[in-house]
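Overview (structure and organization)
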Amino acid sequence: MAASTDSRIAVYAALVGNLLVACTKIAAAVWTGSSAMMSEAIHSIVDTFNELLLLYGMHRATRPPDRRHPLGYGRELYFWSFIVALLLFALGAGVSLYEGVAHLMHPLPIEDPTVNYIVLGLSFMFEAGSWWVAVRRFRAAAPELSYVEAFRRSKDPPAFMVVFEDTAALVGILIAAAATAAAVAFDEPLWDGIGSILIGLLLAVTSMVLARESKSLLIGEPADPELDRSVLEIARGSSGVRAANGLLTVQLSPQQVVVALSLEFADDLRADDIERAVVAIEAELRARHPMIVTLFVKPQTGARYQQIRERRLQGGAAPA
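For the structure given in this document, a descriptive report is provided here. (Residues numbered from 1 in each chain as written. Predicted model: local features only at pLDDT ≥ 70, side-chain atom pairs only at ≥ 80, totals over all residues. Heavy atoms only, no water.)

**As for the pattern of salt bridges**
Within the structure shown, the criterion is met by 12 salt bridges. As a salt-bridge pair, Arg-153 and Asp-224 come within 2.8 Å of each other at their nearest N and O atoms. Placement of the pair is Arg-153 in helix H5 (residues 147–153) and Asp-224 in the loop between helix H7 (190–219) and helix H8 (225–236), with a sequence separation of 71 residues. Judged by its relative accessible area of 25%, Asp-224 falls in the partly exposed class. Note that Glu-282 and Arg-286 form a salt bridge whose closest N and O atoms lie 3.4 Å from each other. Taken together, the residues Glu-282 and Arg-286, both in helix H9 (residues 271–288) and 4 residues apart, mark about one turn of the helix. (Salt bridge = Lys/Arg side-chain N within 4 Å of Asp/Glu carboxyl O. Helix = DSSP H or I, 4+ residues; strand = E, 2+ residues; numbered from the N terminus. Buried < 20%, exposed > 50% of the residue type's maximum accessible area, 1.4 Å probe, protein only.)

Shown next as structure tokens:
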């Protein structure tokens, strides 16, 4: 549960930061009439709602199993994470692009750009604080991996989503500052609209990356390979097990995994002996890996397992 707690802290920090930033940016956009600042304000508003949706998804995912959902509600987190990515694209990127194009067609000079600079400076400080909390929590989950590898292997969308959103927010603030400076220095308000379009493109790329990873988790990704190796090692060392043929794992949520294990038992074992062996394996697995919420064990010979596996990989119908 540590990873889940760390993610919740990061989301709360991002929520507070985005709320403060949104308020200051809205005031500045209304005061100065800056298109880039208005795009940044929209970005922060969308991010604020996104954090609320992530918290809602985290809450829903903790509900226990019931008759309609015997494996629980863990994947609700992945569903709401996907919705967050879509909102970032539809609202954040879409409105920013619209604002930028509208400003290019009807350019208006920025009034009192000093206000923009002050607000952007404050916003950068707020976002940087949230970003630092998010990055520290994200790195703590996998300190031995690179950022790219940690992102690819992460099963915790709130953790990497906050990092991506805050990074995009910091870059967006720099774009807005540069656009404002160019519009004032060259006395050309078109730069303000260009800044808004660049922010929209930045949000579009960010949302597509997040949507791709969230979709993959929602469809069903396997658990971490380290967990696979540990499960097979425990199974092979269990009494009465002749061989552990292989396994399938599905990540239901950051802290919930389903395991289907194919085992070959000794020929002299009776049905009740196999049942006791399975109970012992399940007890040890859950003691070592509490995230395993459901374990399915299928007694099979190695030859039978390989036959079914080959048919499945070739796209044929795999017999039960």
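After presenting the structure, the write-up continues.
**Here we look at unusual backbone geometry**
Within the chain, Asp-187 stands out as a residue other than glycine whose phi angle is a positive 50 degrees. The residue Asp-187 is located in the loop between helix H6 (157–185) and H7 in this model. On the basis of relative accessible area, Asp-187 is assigned to the exposed category, the value being 64%.

**A short note on the side chain of Asp-228**
As for its placement among the helices and strands, Asp-228 is situated in helix H8. Although buried, Asp-228 forms no salt bridge, and the nearest oppositely charged side chain, Arg-229, lies 7.6 Å from it. (Lys, Arg positive; Asp, Glu negative; His and termini not counted.)

**Details of the packing of helix H2 (residues 35–61) against H6**
The geometry of H2 relative to H6 is characterised by a closest axis approach of 10 Å and an angle of 170 degrees between their N-to-C directions. On the basis of their axis angle, the class for H2 and H6 is roughly antiparallel. Contact residues: H2 offers Ala-36, Glu-40, His-43, Asp-47, Asn-50, Glu-51, Leu-54 and Met-58, while H6 offers Pro-158, Met-161, Val-162, Glu-165, Ala-168, Ala-169, Gly-172, Ile-173, Ala-176 and Ala-179. Counted by class, the contact of H2 with H6 contains 11 nonpolar, 3 polar and 4 charged residues. (Axes fitted to C-alpha atoms, helices over the stretch in contact; angles between N-to-C directions. Parallel < 35°, antiparallel > 145°, perpendicular 65-115°, else oblique. Contact = heavy atoms within 4.5 Å. Nonpolar A, V, L, I, M, F, W, Y, C, P; charged D, E, K, R; others polar.)

**Comments concerning the pairing of strand E1 (residues 241–253)**
The pairing of E1 with strand E2 (residues 256–265) spans 10 bridges and is antiparallel. Its bridge partner lying in E2, Gly-246 is registered against Ser-262. The antiparallel hairpin formed by E1 and E2 contains 2 residues in its connecting segment. (Pairing = 2+ DSSP bridges.)

**Some points on the sheet that holds strand E3 (residues 292–299)**
Strands sit in the order E1-E2-E3 across an open sheet of 3 strands; the sheet is mixed. Two strands in the sheet have a free side with no partner beyond their single neighbour: E1 and E3. Across the sheet, the axes of successive neighbouring strands diverge by a mean angle of 20 degrees, strand direction being ignored. The sheet contact formed by E2 and E3 spans 7 bridges and is parallel. Across the sheet, the residue bridging to Leu-263 is Pro-299, located in E3. On top of the sheet, helix H10 (residues 302–313) reaches E1 and E2; it is set at about 40 degrees to E1, its chief contact.

**Concerning the packing of aromatic side chains**
Tallying each qualifying case throughout the model produces 5 aromatic pairs. Centroid distance Tyr-56 to Trp-80: 5.2 Å. Interplanar angle 80 degrees. Geometry classified as edge-to-face. Taken together, the residues span a long stretch of sequence, with Tyr-56 in helix H2 and Trp-80 in helix H3 (residues 76–105) at a distance of 24 residues. A residue is classified by how much of its surface remains accessible, and Tyr-56, at 37% relative accessible area, is partly exposed. With a centroid separation of 5.1 Å and an interplanar angle of 75 degrees, the aromatic rings of Phe-79 and Trp-80 are classed as edge-to-face. Taken together, the ring pairs connect Tyr-56, Phe-79 and Trp-80 into an aromatic cluster. In this structure, Arg-63 is placed above the aromatic ring of Tyr-73, and the distance from its NZ or CZ to the ring centre is 3.6 Å. (Phe/Tyr/Trp six-rings, centres within 6.5 Å; stacked < 30°, edge-to-face > 60°. Lys NZ or Arg CZ within 6 Å of the ring centre and 35° of its normal.)

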